[in-house]
Amino acid sequence: MSSETEVELIDSFSMLIESLKNNGIQNIYGIPGIPVTALVRSWQAEGGKYFGCRHETNAAMAAGVAGYLTGVPGVCLTTPAPGFLNGLAGAANATTNGWPMILLSGAAGRRNTDLQQGAFEEMDQLNAARPHVKAAYRINHISDIPIGIARAVRTAVSGRPGAVYVDLSHEMLTGTMPAAEGEKLLFKPVDPTPRQLPCPNAVKRAADLLKSAKKPLVILGKGAAYAQVDSDIKALIEDTGIPFLPMSMAKGLLPDNHAQNAGAVRSYVLPEADVVLIVGARLNWLLANGQGRTWGNQLKKFIQIDILPQEIDSNVPIAAPLVGDIASCIAALRTALKGMPKAPADWLAGIAERAAASRDKLAPTLAVKTAPGMMNYRNSLGAVRDVLAKYPNTTLVNEGANALDNGRMIIDQYLPRKRIDSGTWGIMGIGMGACIGAAVVTGEPVVAIEGDSAFGFSGMDVETIVRYNLPVTVCIMNNGGIYKGNETNAGGYDDPSPTSFTPGIRYDKMIEAFGGVGMNATTPEELSSMLETAIKSRKPTLINVVLDPDAGVESGRISGLNIERKKKAAA
Ligand code: FYN
Ligand code: ADP
Ligand code: MG
């Protein structure tokens, strides 16, 4: 006869769920399957919100965007092997963009995996993830879950944010322990995103340099938007009277119609400026690596605010590095600049005059009339711009080549963190994931301006948008191809060209199949009224925007990065 008494157990699912909640995680994006299906059910049963997507990359993109917008890591949960690899693409994108997210994945048993014995969905995921994320951890035992999740969150949000991969080993997922012992291990981490104060000497050096400038310029990057110190950044810029140039996702940190915005004269201010204060932006390809013709072929005196010490001097020498978190650096700099005279008035006046001329030049191209079904990027996006100006709370998601470049130039932003785009890598495939993440965390309307090619990478997740009834309007800029829709096969035979799609696709029928609202716009007037109806309705809507197949240019504004075939050289 046994004299055993029963002990209450806690399982790994409960430990994971409680640990995520202790770290402020409210939403999970993913796709269930072996071995994590029951984990997802349990998460919902315990009151967690779950957004089931149709492709893991889109779920991971949603998580990355949610992390960017809130500062709390977005969480994506995948199944092993290919599911994990699909999610890893989104995690890598989040890391490259400096966005906090956590990719959790179920994994096959370690015994089989490490001996390569061929388990179901066997893959060495930890090592596959490592080069593409800020850190990769594996939790092997149920008792390590609280520390493992806290470690993942702290790594994702502190310093330069990024994605963290957490391998949920089979051994851990099947584990249990006495409930009383497990509960004792659960904890809420203290201050996961600590302030990192800049050194006073560095602040003085930066302030002195800025005071000496004749033609100062501030460049705002998405790090500045992420930092959520909008009013301090605005005050620094307005108090000093220095013109600012927003990187694409920093548009709206100060409104695009601000008198000091130099965005419409980018190619004038970059070479002209003498001292450039960079706030949360990198001197990568998007800023011509800080050198060359874009910068007037001269080394600028750069002041760079960044939380990552090794970002400094990554491309060109930085005269005044200011390493710390943006909130602390801006506060310290404002104190050090107290009483500084405003930036020279002729510099600002020259910029304002040229910017007005650029805007005046652009305006008539936005109002051009075209035959029905023959819109171009200018008049279609001009219509979008005018509608969105009435709904500044709307998040704009924007990807493509011409759709991206024209969208960035034409559509004004009025509020911070309301523009999400192809980002640091300049990639396609962010679209529906970004819409889902933004709609979930903001609760406000989202409008996606998608190249028809760009949309293809994530299009199936329109169904997710419909299923969760998210207030998303997707506009497909449909010219029937990549860059253009009218290219012919260079070989002269019958197959389509590499950049062509089926002509005349009705993408609006796709969302109708899922139960959403489809619309087909052939003129700017139609587009304008359909878009406004869609935003107001908050119903999942897709507008097929019919463009001239000849609209667009190869590679958009970055055609210089493309490689052409070379057959002849000057003798
Ligand atoms: C900007 N501009 C304007 C305005 N805003 N003119 C009038 N009115 C307004 N409101 C002008 C601006 O001064 C530039 O002209 C031009 O419009 C374009 O502005 P942008 O986009 O700021 O400048 P540019 O040179 O294109 O910017 C470089 C860049 C950017 C690399 C930062 O192109 C970018 O973010 N690209 C991402 C591309 C990408 O990821 N593509 C996806 C892959 S496509 P000038 O001053 O005359 O130059 C795969 O093939
Ligand atoms: P953009 O593409 O808009 O130019 P990047 O993503 O290249 O912007 O640069 C953002 C920079 O901001 C990164 O170098 C990152 O380390 C930095 N950063 C992000 N958050 C903070 C923060 N809170 N404090 C300081 N720097 C930050
Ligand atoms: Mg196209």
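Residues numbered from 1 in each chain as written. Chains lettered and ligands numbered in written order. Predicted model: local features only at pLDDT ≥ 70, side-chain atom pairs only at ≥ 80, totals over all residues. Heavy atoms only, no water.

Student: Before we go on, may I ask you to explain the packing of helix α15 (residues 345-366) against helix α16 (residues 377-388) in this structure?
Tutor: Relative to each other, α15 and α16 sit at 105°, their axes nearing to 8 Å. Accordingly, the angle class assigned to the pair α15 and α16 is roughly perpendicular. Here L362, T365 and L366 of α15 come into contact with α16, specifically with R378, N379, G382 and R385. The residue makeup of the contact of α15 with α16, split by class, is two nonpolar, three polar and two charged. (Axes fitted to C-alpha atoms, helices over the stretch in contact; angles between N-to-C directions. Helix = DSSP H or I, 4+ residues; strand = E, 2+ residues; numbered from the N terminus. Parallel < 35°, antiparallel > 145°, perpendicular 65-115°, else oblique. Contact = heavy atoms within 4.5 Å. Nonpolar A, V, L, I, M, F, W, Y, C, P; charged D, E, K, R; others polar.)

Student: How should α16 be read in this particular structure?
Tutor: Given 3.6 residues per turn, any residue in an α-helix points the same way as the ones three and four places further on. For α16, spanning 12 residues, the distance from its first C-alpha to its last is 16 Å, which sits close to the expected 16 Å at 1.5 Å a residue. What α16 keeps buried is the set Y377, N379, S380, L381, G382, A383, V384, V387 and L388. In this structure N376 caps α16, since a side-chain oxygen of it lies 2.9 Å from the backbone nitrogen of R378. (Expected span 1.5 Å × (residues − 1). Buried < 20%, exposed > 50% of the residue type's maximum accessible area, 1.4 Å probe, protein only. Polar contact = N/O pair within 3.5 Å; in protein donor to acceptor, adjacent residues only side chain to side chain.)

Student: Could you clarify how one ought to interpret the coordination of the magnesium ion (ligand 3) in this entry?
Tutor: Under ideal tetrahedral coordination, the four donors around a metal are separated by 109.5 degrees; under ideal octahedral coordination, the six donors are separated by 90 or 180 degrees. Each protein donor to the magnesium ion (ligand 3) is listed here as D452 (OD), N479 (OD1) and G481 (O); together their distances run 2.1 Å. In primary-sequence terms, the residues that donate to the magnesium ion (ligand 3) follow D-x26-N-x1-G. Both residues of the pair, N479 and G481, count as buried. (Donors = N, O, S within 2.8 Å, 3.2 Å for Na, K, Ca; no water.)

Student: What is the right way to read the site of ligand 2 from this model?
Tutor: Taken together, 17 residues form the shell around ligand 2, and within it R160, K222, R282, D306 and I326 come nearest. Here R160 contributes a side-chain N or O atom positioned 2.8 Å from an oxygen atom of ligand 2. In this structure, D306 approaches ligand 2 through a side-chain N or O atom, which is 2.5 Å from an oxygen atom. If ligand 2 stood free it would expose 580 Å²; the protein chains cover 94% of that surface. (Near = heavy atom within 4 Å. Areas by Shrake-Rupley, 256 points an atom, 1.4 Å probe, with all protein chains shown as cover.)

Student: What exactly am I supposed to notice about empty space enclosed by the protein here?
Tutor: The rolling of a water-molecule-sized probe over the atoms marks out the regions of remaining empty space. If you walk through the whole model with that rule in mind, you get three cavities of 30 Å³ or more. In terms of lining residues, the largest cavity is bounded by L388, Y391, P392, T394, T395, L396, I411, D412, Q413 and Y414. For the lining of the largest cavity, the residue count by class is six nonpolar, three polar and one charged. Volume-wise, the second largest cavity comes out at about 60 Å³. Looking at the second largest cavity, the residues that line it are A107, A108, R110, T113, D114, M123, D124, Q125, L126, R138 and D167. Only α5 (110-114) and α6 (125-129) provide two or more residues apiece to the lining of the second largest cavity. With three residues, the top contributor of residues to the lining of the second largest cavity is α5. (1 Å grid on protein atoms, 1.4 Å probe; cavity = no way out; pocket = protein on both sides within 12 Å on 5 of 7 lines; lining within 4 Å. Points joined across faces, edges and corners; volume = space filled by probe spheres on them.)

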